[in-house]
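Topology and contacts: notes
Next come the chains, spelled out residue by residue.
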Amino acid sequence: MNKTTILALSCAIVLLGVAAILTSNPSAGIAAEKAGKAYKPGPGIDTHHLMEGVDATFSSIMDNAKKGGRKGFKAARHQAYALATLMDVLPHFESEEVTGAEKRAKWDKLSHQLRDEILAVGPVLKKKDGKGALALLEKAGKTCEACHEMRD
Ligand code: HEC
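Residues numbered from 1 in each chain as written. Predicted model: local features only at pLDDT ≥ 70, side-chain atom pairs only at ≥ 80, totals over all residues.

On to the site of the ligand, then. The environment of the ligand is formed by 20 residues, the closest being His-48, Met-51, Ser-95, Cys-144 and Cys-147. Among the elements of the structure, α3 (47-67), α5 (101-119) and α7 (130-148) are those that each provide at least two residues to the shell around the ligand. By residue number, the principal contributor to the shell around the ligand is α3, which donates seven residues. In the shell around the ligand, the residues fall into ten nonpolar, six polar and four charged. (Near = placed C-beta within 6 Å. Helix = DSSP H or I, 4+ residues; strand = E, 2+ residues; numbered from the N terminus. Nonpolar A, V, L, I, M, F, W, Y, C, P; charged D, E, K, R; others polar.)

Written as structure tokens, this is what we have:
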């Protein structure tokens with residue numbers, strides 16, 4: 001390889017890197033950051049309270065999906081979107097029980113995974129498929145557990 005070829009190859013690699021950064025998936029990001037504002041939990045907002053809300057909402061979605069009917073499925077669907085939103089902001093929260101870069105990275109990954117799993121329940125509820133929704137929710141419950149297992 002002569003010098004010109006090496007130079008051309010280096011330029012191509014740099015350009016590919018820039019293209020990869022520019023095209024990286026923004027949907028994996030957080031809604032607030034997309035709007036140009038970094039999210040910071042307000043005073044009195046903490047992981048403990050967030051989790052109590054997450055738990056109550058998760059149970060309600062299951063109850064409403066079991067109840068079914070127009071009202072039940074509609075309520076469950078609205079709650080599913082609210083829960084997905086909580087999961088979208090969960091990476092901005094922390095816990096003394098989950099520390100270290102590796103666990104923190106897993107925290108963010110699991111939050112986003114759960115957000116997507118809960119989001120997927122919405123269209124199933126829209127089709128009034130209670131059984132299908134419950135199966136997806138049961139699977140999502142394993143993602144809750146995966147995060148709790150990281151607690152010391
Ligand atoms: C990415 C991590 C993570 C995910 C995902 C997660 N949790 Fe939690 N959860 C925690 C942490 C950390 C605590 C401890 C909070 C505290 O008290 O400081 C907790 C606590 C709880 C508690 C006990 C209440 C409390 O605060 O001690 C319940 C109940 C709970 N979670 C339910 C759920 C359910 C249901 C889901 C799934 C729909 C879920 N969690 C998903 C991290 C997570």
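To continue, consider the environment of Leu-90. As for its placement among the helices and strands, Leu-90 is situated in the loop between α4 (69-89) and α5. For Leu-90 and Asp-108, which are 18 residues apart along the polypeptide, the C-alpha to C-alpha distance reads 7.5 Å.

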